[in-house]
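For reference, the chains in residue letters:
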Amino acid sequence: MRRTGWPRERRLREWRLGALGVLLAFGVCEAVSRAGIVRRSYLPPASEVLVRAVELAGDSAFLEGIGATLRAWALGLGLACAIAVPLGLLLGSVPVVDAAVRAIVEFLRPLPSVALIPLVSLLLGSGTETKVALVTYACVWPILFNTVYGLGETDPLAKETLRAFGFGRLSVLLRVELPGTAPFIAAGIRISAAVALILAVATEILAGFGEGLGIYIAQAGLATDGTRDVLAGVVWAGTLGLVINGVLVWGERKLFPWTPAHRGTGDEVTA
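Residues numbered from 1 in each chain as written. Predicted model: local features only at pLDDT ≥ 70, side-chain atom pairs only at ≥ 80, totals over all residues. Heavy atoms only, no water.

> Please clarify how the packing of aromatic side chains should be interpreted in this entry.
For any pair of aromatic rings, the description consists of the separation of the ring centres together with the inter-plane angle of the planes. On inspection of all chains with the given rule, the structure shows five aromatic pairs. Ring centres 5.0 Å apart and planes at 75 degrees place the aromatic pair Phe62 and Tyr216 in the edge-to-face group. Taken as a pair, Phe62 in helix α3 (residues 60–93) and Tyr216 in helix α9 (residues 213–222) lie far apart in primary sequence, 154 residues in all. Residues Phe62 and Tyr216 agree in their burial class; the two are buried. Between the aromatic rings of Trp141 and Phe145, the centroid separation amounts to 6.4 Å while the plane-to-plane angle is 35 degrees, which identifies the pairing as tilted. With Trp141 and Phe145 both in helix α6 (residues 128–152) and four residues apart, this pair spans about one turn of that helix. Classification of Trp141 by relative accessible area gives buried; the value is 13%. (Phe/Tyr/Trp six-rings, centres within 6.5 Å; stacked < 30°, edge-to-face > 60°. Helix = DSSP H or I, 4+ residues; strand = E, 2+ residues; numbered from the N terminus. Buried < 20%, exposed > 50% of the residue type's maximum accessible area, 1.4 Å probe, protein only.)

> What's the story with the confidence of the model for the protein in this structure? I'm lost.
Detailed reading of predicted coordinates is not advised where the pLDDT is low. Within the protein, residue pLDDT values average 83, and 92% of them lie at 70 or more. Scored below 50 in pLDDT, residues 266–271 makes 16 contacts in the model with residues more than four places away or belonging to other chains. (pLDDT = per-residue confidence, 0-100. Contact = heavy atoms within 4.5 Å.)

> Hey, could you run me through the environment of Ser113 in this one?
Relative to the helices and strands, Ser113 resides in the loop between α4 (95–108) and α5 (117–124). For Ser113, a relative accessible area of 12% puts it in the buried group. Through-space distance from the C-alpha of Ser113 to that of Leu134 is 6.3 Å; in sequence the pair is 21 residues apart. Leaving out residues up to four positions away in the same chain, Ser113 has contacts with Leu134, Tyr137, Ala138 and Leu199.

> Could you clarify how one ought to interpret the packing of helix α8 (residues 169–207) against α9 in this entry?
When two helices pack together, their arrangement is given by the angle between their axes and by how far apart the axes lie. Orientation of α8 relative to α9, taken along the N-to-C sense of each, is 40 degrees, at an axis distance of 7 Å. As far as their axial angle goes, α9 and α8 are oblique. As for how α8 packs across α9, the hand of that crossing is right-handed. Here Val201, Glu204 and Ile205 of α8 come into contact with α9, specifically with Leu213, Gly214, Ile215, Ile217 and Ala218. A per-class count over the contact of α8 with α9 returns six nonpolar, one polar and one charged. (Axes fitted to C-alpha atoms, helices over the stretch in contact; angles between N-to-C directions. Parallel < 35°, antiparallel > 145°, perpendicular 65-115°, else oblique. Left-handed = near helix turned anticlockwise from the far one by under 90°. Nonpolar A, V, L, I, M, F, W, Y, C, P; charged D, E, K, R; others polar.)

> When you look at the pattern of salt bridges in this model, what are you seeing that I'm missing?
Pairing between side chains of opposite charge can happen when their charged atoms approach one another. Applying the stated criterion across every chain, the model contains 10 salt bridges. Where Lys131 meets Glu204, a salt bridge forms, and the shortest distance between an N and an O atom there is 2.8 Å. Here Lys131, found in helix α6, pairs with Glu204, found in helix α8; they are 73 residues apart in sequence, far enough to count as distant. Here Lys131 and Glu204 have matching classes, each one buried. Note that Arg228 is salt-bridged to Asp229, the shortest N-O span being 4.0 Å. Residue classification places Arg228 among the partly exposed positions, given a relative accessible area of 33%. One salt-bridge network, in which partners are shared between bridges, spans Arg52, Glu55, Arg228 and Asp229. (Salt bridge = Lys/Arg side-chain N within 4 Å of Asp/Glu carboxyl O.)

> When you look at the side chain of Ser192 in this model, what are you seeing that I'm missing?
Residue position: Ser192 is located in helix α8. Side-chain polar atoms of Ser192 contact the backbone oxygen of Cys139, separated by 3.0 Å. The contact partners of Ser192, leaving out residues within four places of it in the chain, are Leu77, Cys139, Pro142 and Ile143. (Polar contact = N/O pair within 3.5 Å; in protein donor to acceptor, adjacent residues only side chain to side chain.)

What follows is the structure, encoded as structure tokens:
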């Protein structure tokens, strides 16, 4: 028996290519700024931005702002899951309900969450409640539609088999449809996690006061020669998004290794 290492090699190659892309982007930004093609007040050298981003890791006030952003992110995403998953299961399993609310869903779905920031801020203020409400609204849709789509992709033979043995609708839902839909729900949560972080930071930037990563970026943008701090905050936002996505992808791989997207990503055993 031996283990074939090609999946691990493939992941390693992807990491190397990703690192190469980051280094190339870093080098281009550094060269453009150092050569004077763009004024440093507009585009500081990438090395200075990176140093400033590292320095912020020791700033307790900045880290508290990161914590405030992540709290709003987690609360909004959690509420979206609590709303979208049961509603998606209902719409996907009861056609009458789906037909009744389809028009409302299609009306609300295209409304951009960013456009609602002034209205929600007026109603709820500029605190955590506004961020959580907007994040929840934006994150509901990917999870909801992934749940409905996942129910539609459930194996019909498995459902009919359970019904033939006398199982009711609830038993079929819990034993077949929900497990089969779980990978789709997880994918919707992963998509919504990125949307939630973007919207939380954007809401803070537009609010301009309070605490959070977006507040830091907004206030740095108002300072003289604050571009370096703005870009350092952006680096932190991108890093948070990368870490969150990596954790969720890892969780999907561990929980649903049989899905086509993750099949073959672990070591395989051959004779």
